Amino acid sequence: YYLAEQDPLGPGTYDVRNANAHSWVEVYFPGYGWIPFEPTATFFAPTYKVSTETDVVLDEVMDDPTRANDKTSLSIGKMVLPVLIGIFVIAFFGILLFLIWKQKLSFTWHRWKHRGVKSTNLKIVLEVEHLLNHGQRLGYKHFTHETLHETTTRWVNQNKWLEKELRELVLLFEKAKYGKAQMTDEELKLTQDKVHCLKKRMKTGA
């Protein structure tokens, strides 16, 4: 019991009424612990809320920062992936266009640089270089580290009908580029005829 006032009737005297009488009891339930229990009549038992297993699991999910971070990372990944693919595609086509532009610019610059030169030897060299650039566009590869002989050997393996003209053209090219003698107009005309014939064979494949 409890008393709201001490010694209301004098020293050593206590007035205990029904309102002062009360019991506080707790009952142990396995898995839940000690639960308050109200045995006194006419009094309401104290309330006690027990969380269900579902509520506990839901609270753990909501309060778990790791799971929240996983969801955020997944959402960011879905947004970033299309952006990365777009950047890759743009970069790929950008590099491709740059290489094509660089090749055309190099050839145009070379022709402009030697536009006023009247040397027959140089004209023969330029005719051959023009053929190499033409072949690139038709799938006949030429690499800057290769000699003309190496390039034409691979072209012959690709198209055997080019062998005769290419063999003669290589001799004219090497004579014009590395020889000390001045090439004649007849040799220039022969070079131009060979280049023209090779272009037709490259286009038709025969």
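One can find the structure itself at the top, above this paragraph.
Fair warning: this is a prediction, and the values are worked out from it, not measured in the lab.

Engineer: Could you clarify how one ought to interpret the overall build of the protein in this entry?
Structural biologist: Within the protein, the regular secondary structure consists of six helices and two strands. Counted from the first residue to the last, the protein has its helices and strands arranged as β-β-α-α-α-α-α-α. A buried classification covers 22% of the 206 residues belonging to the protein. If you take every contact in the protein between residues at least 6 apart in sequence, the share linking residues at least 24 apart comes to 42%. Here the protein has roughly 16,100 Å² of accessible surface; of this, 62% comes from carbon and sulfur atoms.

Engineer: Honestly, helix 4 (residues 148-158) in this entry has me stumped. Any pointers?
Structural biologist: An α-helix turns once every 3.6 residues. As a result, residues three or four positions apart point the same way. Taken together, the buried positions of helix 4 are occupied by Leu148, Thr151, Thr152, Trp155 and Val156. The arc that holds the buried residues of helix 4, viewed along the axis, is 140 degrees, so those residues lie on one side. Of the exposed residues in helix 4, the ones pointing more than 90 degrees away from its buried face are His149 and Asn157. Close packing links the buried residues of helix 4 with helix 3 (120-137), helix 5 (163-178) and helix 6 (185-204).

Engineer: So what exactly am I meant to see when it comes to the nonpolar core here?
Structural biologist: Considering soluble globular proteins, one finds that nonpolar side chains tend to be buried as a cluster. With 21 residues, the main nonpolar core has Leu131, Trp155 and Leu162 as its most contacted residues. Secondary-structure elements contributing two or more residues to this core are helix 3, helix 4, helix 5 and helix 6. For this core, the element with the most residues is helix 5, which contributes six residues. In this view, leucine 131 contacts Trp155, Leu169, Val195, Leu198, Lys199 and Met202; residues no more than four positions away in its chain are not counted.

Engineer: I tried to follow the side chain of threonine 191 on my own but got confused; where do I start?
Structural biologist: The topology assignment puts threonine 191 in helix 6. Ignoring any residue separated from it by four or fewer positions in sequence, one finds threonine 191 in contact with Ile124, Glu127, Leu169 and Leu172.

Engineer: Got a minute to help me understand the side chain of threonine 152 in this structure?
Structural biologist: With respect to the helices and strands, the residue threonine 152 is situated in helix 4. On the accessibility criterion, threonine 152 (7% relative accessible area) is buried. When sequence neighbours within four positions are dropped, the list of residues in contact with threonine 152 reads Leu166 and Val170.

Engineer: Would you mind going over the pattern of salt bridges with me for this structure?
Structural biologist: When the charged atoms of two side chains with opposite charge come close together, those side chains can pair. Tallying each qualifying case throughout the model produces seven salt bridges. For the salt bridge of glutamate 146 with arginine 154, the shortest nitrogen-to-oxygen distance reads 2.4 Å. Using a relative accessible area of 26% as the deciding quantity, one classes arginine 154 as partly exposed. Glutamate 168 serves as the salt-bridge partner of lysine 194, at 2.2 Å between the closest nitrogen and oxygen. In this pair, lysine 194 is assigned in helix 6 and glutamate 168 in helix 5, connecting sequence segments 26 residues apart. A relative accessible area of 13% places lysine 194 in the buried class. A single salt-bridge network, built from bridges that share partners, covers Lys164, Glu168 and Lys194.

Conventions used here
- Residues numbered from 1 in each chain as written.
- Predicted model: local features only at pLDDT ≥ 70, side-chain atom pairs only at ≥ 80, totals over all residues.
- Heavy atoms only, no water.
- Helix = DSSP H or I, 4+ residues; strand = E, 2+ residues; numbered from the N terminus.
- Buried < 20%, exposed > 50% of the residue type's maximum accessible area, 1.4 Å probe, protein only.
- Contact = heavy atoms within 4.5 Å.
- Areas by Shrake-Rupley, 256 points an atom, 1.4 Å probe, with all protein chains shown as cover.
- Arc of directions from axis to C-beta.
- Core = buried A, V, L, I, M, F, W, Y, C linked by side-chain atoms within 4.5 Å.
- Salt bridge = Lys/Arg side-chain N within 4 Å of Asp/Glu carboxyl O.

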